[in-house]
Amino acid sequence: DEYSQRGIARFQKNDLDGAIADFTKVIEMNGKDQAFCYYFRGLAFYRKGNSNQAIEDLSKAIALKPDPRFFDDRGNLLARQGELDRAMVDLNKAIELAPQYAKAYGDRGLIHLMRGETAEAELDFKKCFEIDSSLEAQFKLAAKQLKQLAASRHEHEKPAAAEVTKFSWSETPSKML
């Protein structure tokens, strides 16, 4: 219990190495609340920039306790790695386990946007805001940022059917201009 409590305190103070060490100790000692130790250790790994280890720990937490929050957070990590199909599976599971978990609808809405599924995204955002209106500003901002990112990427892409040819002003007769 002491390692778990200290691990949470360290996590909250952003002492990620200390938190990881404490949660690892609880896991090694086969202490109680292993699922939450894997969960928080996974989040600490994520904050340190180790997404693969974070996903592995969240998967272990889910195996021990299929908590909707665990699925939601793993889904978010998978989405950040570009694994949108796997992310969608996790977010669907979070909603299946807890149909009133508003954040999962909002997160799934963002995945729909990333996949270009605007109508589905709108439905998920609507459901999210019906359940918890306090999340509206957060998800509207995230959706706006995703749309801006997609638009800026689109501006810099060469259309698939386009072919760039060499062009010179001197080759073009001035009468044509």
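Residues numbered from 1 in each chain as written. Predicted model: local features only at pLDDT ≥ 70, side-chain atom pairs only at ≥ 80, totals over all residues. Heavy atoms only, no water.

Topic: helix α4 (residues 51–64)
Condition: Segments assigned H or I by DSSP are reported as helices when at least four residues long, segments assigned E as strands when at least two residues long, and all are numbered from the N terminus. Given the number of residues in a helix, its expected span is that number minus one, multiplied by 1.5 Å. Accessibility here uses a 1.4 Å probe with only protein chains present; expressed as a share of the type maximum, an area under 20% marks a residue as buried, one over 50% as exposed, and anything in between as partly exposed. This arc describes the spread of directions from the helix axis toward the C-beta atoms. Contacts are assigned to residue pairs with any non-hydrogen atoms lying within 4.5 Å of each other.
Taking 1.5 Å per residue, 14 residues should reach 20 Å; α4 reaches 20 Å between its end C-alpha atoms and fits that length. What α4 keeps buried is the set Ser-51, Ala-54, Ile-55, Asp-57, Leu-58, Ala-61 and Ile-62. Take α4 and look down its axis: the buried residues cluster within an arc of 165°, on one side only. Away from its buried face, by an angle of more than 90 degrees, α4 presents the exposed residues Asn-52, Ala-63 and Leu-64. Contacts made by the buried residues of α4 are with α3 (34–47) and α5 (68–80).

Thoughts on the side chain of His-112
Within the secondary structure layout, His-112 lies in helix α7 (residues 102–114). Those residues in contact with His-112 that sit more than four places away from it in its chain are Met-88, Glu-117, Glu-120, Ala-121 and Asp-124.

Details of the pattern of salt bridges
Test applied: One speaks of a salt bridge when a side-chain nitrogen belonging to Lys or Arg is within 4 Å of a carboxyl oxygen belonging to Asp or Glu.
Taken as a whole and assessed by the stated rule, the structure comprises 16 salt bridges. The partner of Asp-17 in a salt bridge is Lys-48, and the shortest N-O contact between them spans 2.4 Å. You can see Asp-17 sitting in helix α2 (residues 16–28) and its partner Lys-48 sitting in the loop between α3 and α4, a full 31 residues away along the chain. Taking the shortest distance from any N to any O, the salt bridge between Asp-90 and Arg-74 comes out at 2.6 Å. Of this pair, Asp-90 sits in helix α6 (residues 84–97) while Arg-74 is found in helix α5, placing the two residues 16 residues apart along the sequence.

A look at the packing of aromatic side chains
What counts here: Any pair of Phe, Tyr and Trp rings, taking the six-membered ring for Trp, is counted once the centres come within 6.5 Å. Such a pair is stacked with planes under 30 degrees apart, edge-to-face with planes over 60 apart, and tilted for the rest.
Applying the stated criterion across every chain, the model contains seven aromatic pairs. Taken together, a centroid distance of 5.6 Å and an interplanar angle of 70° make the contact between Phe-11 and Phe-40 edge-to-face. One end of the pair, Phe-11, is in helix α1 (residues 2–12); the other, Phe-40, is in helix α3, and 29 residues separate them in sequence. In terms of burial, Phe-11 and Phe-40 fall into one category: buried. Judged by centre distance (5.2 Å) and plane angle (75°), the ring pair of Tyr-39 and Phe-40 falls under edge-to-face. Phe-40 shares its class with Tyr-39; the two are buried. Ring-pair connections join several aromatic residues into one group, and the members of that group are Phe-11, Phe-23, Phe-36, Tyr-39, Phe-40 and Phe-70.

A word on the layout of surface pockets
Counted only if it meets this: Using only the protein atoms, space was sampled on a 1 Å grid; points where a 1.4 Å probe fits but cannot get out form cavities, open sets with protein on both sides within 12 Å along at least five of seven lines form pockets, and lining residues are those with an atom within 4 Å of a point. Grid points are joined across faces, edges and corners, and a volume is the space filled by probe spheres set on the points. Each residue is assigned to one of three groups, with Ala, Val, Leu, Ile, Met, Phe, Trp, Tyr, Cys and Pro labelled nonpolar, Asp, Glu, Lys and Arg labelled charged, and all others, Gly among them, labelled polar.
Quantified by volume, the largest pocket comes out at close to 450 Å³. Lining the largest pocket are 18 residues; nearest its centre among them are Asn-76, Leu-77, Arg-80, Asp-107 and Leu-110. At the level of secondary structure, the elements contributing two or more residues to the lining of the largest pocket comprise α3, α5, α7 and α9 (136–156). For the lining of the largest pocket, a count of residues per class yields eleven nonpolar, two polar and five charged. The volume enclosed by the second largest pocket comes to roughly 230 Å³. Leu-113, Met-114, Gly-116, Thr-118, Leu-146, Lys-147, Leu-149, Ala-150 and Arg-153 are the residues that line the second largest pocket. At the level of secondary structure, the elements contributing two or more residues to the lining of the second largest pocket comprise α7 and α9. Tallying contributions element by element places α9 first for the lining of the second largest pocket, with five residues. Among the residues making up the lining of the second largest pocket, the classes are represented as five nonpolar, two polar and two charged.

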